[in-house]
Amino acid sequence: MKRVVEGSQAVAEAVRLARVNVISAYPITPQTHIVEFLSEYCANGTMNARFLRVESEHSALAALIGTASTGVRSFTATSGQGLALMHELLHWASGARLPIVMAEVNRALAPGWNIWIDQTDSLAQRDTGWIQMYCEHGQEVLDSVIQAYRLGELVSLPVMVVLDAFYLSHTYEPVDIPEQELVDRFLPPYKPMFQLDTEDPCAFGSLVTPNAYMEMRHNIAMAMEEVLSLFQDVENEFEAIFDRRYGAIEPVGCDDAEIILVTSGTVTSTCRQVVDDLRSRGEKVGLLKVKLFRPFPVDLIRQNLTSAKKIAVIDRNFSFGASGIFAQEIRAALCNTPERPLSFGYVVGLGGRDVTEDVLEDIYWDTKNNEVPVKESIWMGLQEV
Amino acid sequence: MELNVLDEEYMTSGHVACPGCGAAIAMRFFLKAVGDKTIIVLPACCWSIIAGPYPQSTVKVPVIHSAFETGGAVASGVRAALDMKGDTETTVVTWAGDGGTFDIGFQALSGAVERNEDFIYVCYDNEAYMNTGIQRSSSTPYGAWTTTTPGDEWKKLRKKNIVEVLVAHRIPYAATANIAFPEDLVRKAKKAQSIKGSKFLHIFASCPTGWRIPSESSIKIARIAVQTNIFPLYEVEDGVKYTINYKPKEFPVSEYFKLQGRFQHLTDEDMKHIQKMVDEDWALLLRKAGERP
């Protein structure tokens, strides 16, 4: 049934439908609505789950390392500073092969204090061994959280479902909220391969010498690689029941495009409009939305970008001393292909600044009118300070 | 003397503690008390090593190693998951050193106890970061040499009174215990297991390596710590009801200090100052227990 809900509620509904057993979270804007909805569901019996009201984000994830190791489905949500505080345990969760799911509402990092959208918080966690998916709208958020449990549990890896602060977390949209019975058909109960069990006592996470550590890390690498094909299988299963799919990437008019704009998150929606407008004026422009960031779908990106002359990667994030992070990753993906487009990198919308159609159209014309990029990273709309 | 301690062993030989390690002795007696329907959360501490490297384990109960500062939080999670699975029988234990309790893990511990999570938190206290090579912690006592309080920079600050901090949370049960008093230790562990909510056991566990003492004097020195009132044995119920379990006859603190390499630099003047502090603390404890100093 379609209901008009906030992005945050779409997350909470998905967590309910996934029959999560323990939620552990600490409040931080703009994630708060998610945990408020879930607290309510736990309190009024809508969910059969425990809500652990821990004293920090660090403890929120630590507690879930305990719950998931004891074999129950586990969820948390955070943003910005909270995710940064969790950093150590992000590595721990993947190293321990725990399929925890987290909703991460992108928030700019301080100082100065800023609660608005900026993807640097989650992208800075790219090496922690979490699967990462970036969402565009409320329906995708709901579907991705449900899929995240299926995918994470298949490979024993944690999953971060990422959504933009306010533009997605606090925006009301019509979202189809599926029947429990259908979700149960898609998502079977969690059966952990190993768990803390007094009948079968084992030690988890003991000291590992150089003789075995590398193999354990390689296993994680292989599991991540497996996600690339499993993601499609999971989407096939999901589509068969719910008639919706998104793709690890979504190419829009890339086949004949000379210039392709590459986006993630809610900027994608604005960009769809811009690409339509430019196309109607005869411009050969396409759009590539990147949803799956970890593992990075290198082959799909090569297949869809190599025919263009130029690409413009739009980053709402920045790695100081390098470039926008999507730009880095896409350049790295393309560097071993003999025929590849010139890649232009644009930095937009940090700390919640609006990314309008005009900004995106300026990016298109800048890419078209310059033979080569003026700079590795072009910051859009900087004001005189 | 007959010990009222089970013959059953839940800790195997082959552990990798130093000879005379108080922490190994503490675990052995503790497990005899609580039995094998127990899950241990093990934040970084000497026991991260003592438990044995992958794929071995020296204890016959499930162990989950965890990040240094997460003892209280991981145990909260294990408990919540067991509850959701309908298992209310299994005892959840966090087994942490003084660094993981007094310092880096304090926030998670305080949070878990404020929430009155149903678990036993055990701090085996060897009074410094021993696993990393004897660096001072907030549990290191006044007067001690460590590798980060060397020479004239020996620690001139008091040891944090962790039990009183826990008591201030109105924790259902908090107690001190000592490897030299195994019957008392076992009784307190069993009592903790029988109480619902958060329980805190502070076990004094000597460290021959870090204290610069011969390994064979590990128990003796732990016993003298009680006999000199440096580490009194007592328990507190619901944050208010104090019971002192052992009342030593007068015994000067110098008896304890002179046996240990870590205190060899202390002068008679220092010893007097320390005696005064220990007497003050003891008098305060007596008052809390409703007894006259």
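A quick note: this is a predicted structure, and the numbers were derived from the prediction, not measured.

Q: Can you help me understand the overall build of chain B in this one?
A: When helices and strands are counted, chain B shows 11 helices and 8 strands. Over its C-alpha trace chain B gives a radius of gyration of 18 Å, about what one expects of a compact globule, namely 19 Å for 293 residues. Reported as C-alpha extents along the three principal axes, the dimensions of chain B are approximately 60 × 45 × 40 Å. Burial status across chain B gives 53% buried among its 293 residues.

Q: Quick question: what am I supposed to make of the sheet that holds strand β16 (residues 378–379) of chain A here?
A: The strands making up a sheet associate through backbone hydrogen bonding, with each pair oriented either parallel or antiparallel. All names here are of chain A. One open sheet accounts for 6 strands, arranged β10-β12-β11-β14-β15-β16; its pairing is mixed. Every interior strand has two partners, whereas the edge strands, β10 (249–252) and β16, have only one. Judged from the 4 bridges that link them, strand β11 (residues 259–263) and strand β14 (residues 310–315) form a sheet pairing that is parallel. Residue Ile-260 lies in a different strand from β14, and its bridge partner there is Ile-311.

Q: Would you take a moment to explain helix α11 (residues 298–305) of chain A for this structure?
A: Owing to its 3.6 residues per turn, the α-helix aligns residues three or four sequence positions apart on the same side. Residue and element names in this part refer to chain A. Every buried residue belonging to α11 is among Leu-300, Ile-301, Asn-304 and Leu-305, and all of these are buried. Buried residues along α11 cover an arc of 110° about the axis, so they all sit on one side. Contact partners of the buried residues in α11: β10, β11, β12 (285–290), β14 and α12 (325–334).

Q: I tried to follow the domain arrangement of chain A on my own but got confused; where do I start?
A: How big an interface is tends to be reported as the loss of accessible area on association of its parts. All names here are of chain A. Its domain assignment divides chain A into domain 1 (2–242) and domain 2 (250–379). Distance between the C-alpha centres of domain 1 and domain 2: 28 Å. Opposite the 25 residues of domain 1 that make contact, domain 2 presents 21 residues. Those elements giving two or more residues to the side of domain 1 that touches domain 2 turn out to be α6 (120–123), β6 (131–134) and α9 (210–242). In terms of residue class, the side of domain 1 that touches domain 2 is built from 15 nonpolar, 5 polar and 5 charged.

Q: Just checking my understanding: could you explain the interface of chain A and chain B for this structure?
A: In this complex, chain A contributes 36 residues to the contact, which on the side of chain B involves 38 residues. Ranked by residue count, the leading element in the side of chain A that touches chain B is helix α3 (residues 57–69) of chain A, at 8 residues. Considered class by class, the residues forming the side of chain A that touches chain B number 18 nonpolar, 13 polar and 5 charged. Note that strand β9 (residues 203–204) of chain A and strand β2 (residues 63–66) of chain B share 2 bridges and pair parallel. Opposite A:Phe204, over in β2(B), you have B:Ile64 as the bridge partner.

Q: Teacher, can you tell me more about unusual backbone geometry here?
A: With the exception of glycine, the majority of residues adopt a negative phi angle, and the majority of peptide bonds are in the trans configuration. Looking along the chain, the bond that leaves A:Pro111 and enters A:Gly112 is cis, with omega of -15°. Here the residue pair A:Arg294 and A:Pro295 is connected by a cis peptide bond, since its omega of -5° sits within 30 degrees of zero. One can find A:Pro295 in the loop between β13 (292–294) and α11. The residue A:Arg19 is not glycine, and still its phi comes out positive at about 55°. Residue position: A:Arg19 is located in the loop between α1 (7–17) and β2 (22–24). At B:Asp238, a position not held by glycine, the phi torsion is positive, near 55°. Inspection of the secondary structure assignment puts B:Asp238 in the loop between β7 (234–237) and β8 (241–244).

Q: Help me out: how do you make sense of the packing of α3(A) against helix α5 (residues 87–95) of chain A in this one?
A: Helix packing geometry: the angle between the two helix axes and the distance between the axes. Residues and elements named next belong to chain A. Packing of α3 against α5 leaves a shortest axis separation of 9 Å and a crossing angle of 15°. As far as their axial angle goes, α5 and α3 are roughly parallel. Where α3 crosses over α5, the handedness of that crossing is left-handed. The residues of α5 that touch α3, namely those facing His-58, Leu-61, Ala-62 and Ile-65, are Leu-89, Trp-92 and Ala-93.

Q: Would you mind showing me how to read the nonpolar core here?
A: Side chains of a nonpolar character, in soluble globular proteins, are inclined to be buried together. Of all hydrophobic cores here, the largest spans 219 residues; its most connected members are A:Val145, A:Val161 and A:Leu261. Per-element accounting of this core gives the leading share, 10 residues, to helix α1 (residues 22–34) of chain B. Composition of this core by domain shows at least three residues from each of domain 1 (2–242) and domain 2 (250–379) of chain A. Among all residues touching A:Leu261, those that are not within four sequence positions of it are A:Cys271, A:Val275, A:Val285, A:Leu287, A:Ala312, A:Ile314, A:Leu360, A:Ile363 and A:Tyr364.

Q: Got a minute to help me understand the sheet that holds strand β3 (residues 50–52) of chain A in this structure?
A: Residues and elements named next belong to chain A. Strands sit in the order β3-β2-β4-β5-β7-β6-β13 across an open sheet of 7 strands; the sheet is mixed. Each of the sheet's edge strands pairs with one partner strand only, and the pair in question is β3 and β13. The mean angle between the axes of side-by-side strands here comes to 20°, regardless of whether they run parallel or antiparallel. Where β2 and β3 come together, 3 bridges link them in parallel fashion. If you follow Ser-24 over to β3, its bridge partner there is Leu-52.

Q: Even after reading the chapter, I still don't get the environment of B:Thr176, so can you show me in this structure?
A: All names here are of chain B. Within the secondary structure, Thr-176 sits in strand β5 (residues 173–178). The class of Thr-176 is buried, set by 27 C-beta atoms lying within 10 Å. Considering only alpha carbons, one finds Thr-176 and Thr-147, 29 residues apart in sequence, at a separation of 27 Å. Ignoring anything within four residues of it in the chain, the contact list for Thr-176 reads Val-163, His-202, Phe-231, Pro-232, Leu-233 and Tyr-234.

Q: Where do I start with the environment of A:Phe37 in this structure?
A: Residues and elements named next belong to chain A. Mapping Phe-37 onto the fold places it in helix α2 (residues 32–43). Sequence-wise, Phe-37 and Arg-217 are 180 residues apart; in three dimensions their C-alpha atoms are separated by 37 Å. Those residues in contact with Phe-37 that sit more than four places away from it in its chain are Ser-8, Gln-9 and Ala-12.

Q: Explanation requested: the pairing of β12(A) in the structure shown.
A: Regular strands show a simple pattern: their side chains alternate between the two faces of the sheet. Residues and elements named next belong to chain A. Of all 6 residues in β12, 6 are buried, a share of seventy percent or more. Going residue by residue along β12, you find Val-285, Leu-287 and Lys-289 tucked away on one face and Gly-286, Leu-288 and Val-290 tucked away on the opposite face as well. The sheet contact formed by β10 and β12 spans 4 bridges and is antiparallel. When the sheet's bridge partners are listed, Glu-250 is paired in β12 with Lys-289.

The rules we used
Residues numbered from 1 in each chain as written. Chains lettered and ligands numbered in written order. Predicted model: local features only at pLDDT ≥ 70, side-chain atom pairs only at ≥ 80, totals over all residues. Helix = DSSP H or I, 4+ residues; strand = E, 2+ residues; numbered from the N terminus. Rg over C-alpha atoms; globule rule 2.2 N^0.38 Å. Buried ≥ 20, exposed ≤ 12 C-beta atoms within 10 Å, placed from the backbone. Pairing = 2+ DSSP bridges. Arc of directions from axis to C-beta. Contact = placed C-beta atoms within 7 Å. Domains from an automatic or database assignment. Nonpolar A, V, L, I, M, F, W, Y, C, P; charged D, E, K, R; others polar. Axes fitted to C-alpha atoms, helices over the stretch in contact; angles between N-to-C directions. Parallel < 35°, antiparallel > 145°, perpendicular 65-115°, else oblique. Left-handed = near helix turned anticlockwise from the far one by under 90°. Core = buried A, V, L, I, M, F, W, Y, C linked by C-beta atoms within 7 Å.

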